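Structural description and commentary
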Amino acid sequence: MTTAHGNGSHPATQLVHGGTLRSQFGEMSEAIFLTQSYAYDTMESAEARFKGEAPGFIYARYGNPTVAMFEKRMALLEGAEAARATASGMAAITAALMGQVRAGDHVVAARALFGSCLYVVEDLLPRFGVATTLVDGENPNAWRAAMRPNTKTCFIETPTNPNLGLVDIAAVATIAHEHGATLVVDNVFASPMLQHPLQLGADCVVYSTTKHVDGQGRCLGGVILASEAFINTHIHNYLRQTGPALSPFNAWVMLKGMETLALRVDRQSANAAALADMLAEHPCVTKVLYPGRADHPQAELARRQMKGGGTLVAFEVAGGKPAAFAMANALEVVKISNNLGDAKSMITHPATTTHQRLTPQARATLGISDGMLRLSCGIEDERDLIHDFLQAFERAAHLLAAE
Ligand SMILES: *Cc1c(COP(=O)(O)O)cnc(C)c1O
């Protein structure tokens, strides 16, 4: 097994070549090593590997060549010293938080979080004696006020789900560091192509690679990216001993997904920008939230910390839930699904799906109205997507006019 050179220094090249390991067969496409364990030449070499004195794999829960290629490629893309792959995005987030804390510690997180992340922060951590505070992530004073001497880590997602609010990564990183805490950023919505939290001061970046990295709706996966020191102190043993390992097959799917990641995110972002503009002009749409538009409430922050507006658009139709349902049901090309980052465009109604568990008041606090829809743009032809929406609005016109 040899490490290929020629990773390149630009993302488009790294996405195709980064981290490749080649066996004695010189295979061009990365191999899938479906193996649980490894054979040693001698007892002495097994001893040396276990002692960490010789390089090499020991057991698939600790490491696997296909998984290692994926980790290396993600680390290069993110500009991180170290990466650890996990079986899902939630496995990555749970490890990134649980790996850092013990009973008596405190965690501050933004209130606008992916539902399962909210469960980890609000329900799981407190069960083990870790206090948590949820804040309005967009308000720096709220962060400052929430910090305590025992605050170990801060956790944010930006842009947020579903209505694409932004958290100022550099500002929260500064506040966290002033109080001796770390900052973990769930960077799923921006994707690794459009936002680099480590460069903005974050200590750890987590992805659900289920989303843009696979990008074709096949496998679950996750990854944790940070400095060697952060990974070694907080993550390495936690993952090895608790075992949320990424399957080598899924790692291979992710590697193949990465080859087209830049192309896909470019096209998805262009489609999202075009659809956001079309929706903003449509008489049945009362609100459009897209970080790439000048009318986004945090447009200036978007320009500062993101390289583009992203692949998702949130919008609100007049006529509430009946109108939102009728319009989405009339879509033909765009599919109804709560997933995101896929090559196929998908639409979801957060109030009745991803955020139905929340009370109406909690939804109102997060700005999730009954007429709100979240669109994840795929790589289809922009003209077909626009046509699809226009015909759907027409077919739902009787309800859309109701407000
Ligand atoms: C999907 C998602 C997750 C969870 O990832 P899984 O791979 O489904 O476990 C976490 N955060 C965000 C923002 C997501 O979109």
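Please refer to the structure higher up on the page.
Residues numbered from 1 in each chain as written. Predicted model: local features only at pLDDT ≥ 70, side-chain atom pairs only at ≥ 80, totals over all residues. Heavy atoms only, no water.

1. Here we look at the overall build of the chain
When its secondary structure is counted, the chain shows 16 helices and 14 strands. The globule rule puts the C-alpha radius of gyration for 403 residues at 22 Å, and the 22 Å found for the chain is close to it. Judged by the C-alpha coordinates and their principal axes, the chain covers about 80 × 50 × 35 Å. The buried share of the chain, reckoned over its 403 residues, is 55%. A sequence separation of at least 24 residues applies to 73% of the contacts in the chain between residues at least 6 apart. With the model as given, the accessible surface of the chain reaches about 17100 Å², and the carbon-plus-sulfur share is 54%. Of the charged side chains in the chain, 32 are positive and 38 negative; the average position of the first set lies 4 Å away from that of the second. (Helix = DSSP H or I, 4+ residues; strand = E, 2+ residues; numbered from the N terminus. Rg over C-alpha atoms; globule rule 2.2 N^0.38 Å. Buried < 20%, exposed > 50% of the residue type's maximum accessible area, 1.4 Å probe, protein only. Contact = heavy atoms within 4.5 Å. Areas by Shrake-Rupley, 256 points an atom, 1.4 Å probe, with all protein chains shown as cover. Lys, Arg positive; Asp, Glu negative; His and termini not counted. Charge placed at Lys NZ, Arg CZ, Asp CG, Glu CD.)

2. Considerations on the packing of aromatic side chains
Inspection of the entire model under this criterion finds 5 aromatic pairs. Note on F249 and W252: the rings are 5.9 Å apart at their centroids and 40° apart in plane angle, and the pair reads as tilted. In this pair, F249 and W252 both sit in helix α10 (residues 248-259), 3 residues apart, roughly one turn of the helix. An aromatic cluster of at least three residues, connected via ring pairs, comprises F315, F389 and F393. (Phe/Tyr/Trp six-rings, centres within 6.5 Å; stacked < 30°, edge-to-face > 60°.)

3. Looking at the sheet that holds strand β10 (residues 285-289)
Read across the sheet, 5 strands follow the order β10-β11-β14-β13-β12 without closing on themselves; strand pairing throughout is mixed. Both edges of this open sheet fall to β10 and β12 (335-336), since each of them pairs with a single strand only. As judged from the 2 bridges shared by β12 and strand β13 (residues 346-348), these two strands associate in the parallel manner. Along β13, the bridge assignment pairs K335 with M346. This element, helix α11 (residues 261-281), spans β10, β11 (312-317) and β14 (372-376) of the sheet and lies at about 15° to β11. The strands touched by helix α13 (residues 320-330) are β11, β12, β13 and β14; relative to β11, the strand with the most contacts, the crossing angle is about 130°. (Pairing = 2+ DSSP bridges. Axes fitted to C-alpha atoms, helices over the stretch in contact; angles between N-to-C directions.)

4. Quick word on the side chain of T311
Within the secondary structure, T311 is located in the loop between α12 (299-305) and β11. Under the relative-accessibility criterion, T311 is labelled buried at 1%. Within the local environment of T311, its side chain forms a polar contact with the side chain of H212, the two groups lying 2.7 Å apart. In contact with T311, other than residues within four places in its own chain, are H212, V265, Q268, S269, A272, L375, S376 and C377. (Polar contact = N/O pair within 3.5 Å; in protein donor to acceptor, adjacent residues only side chain to side chain.)

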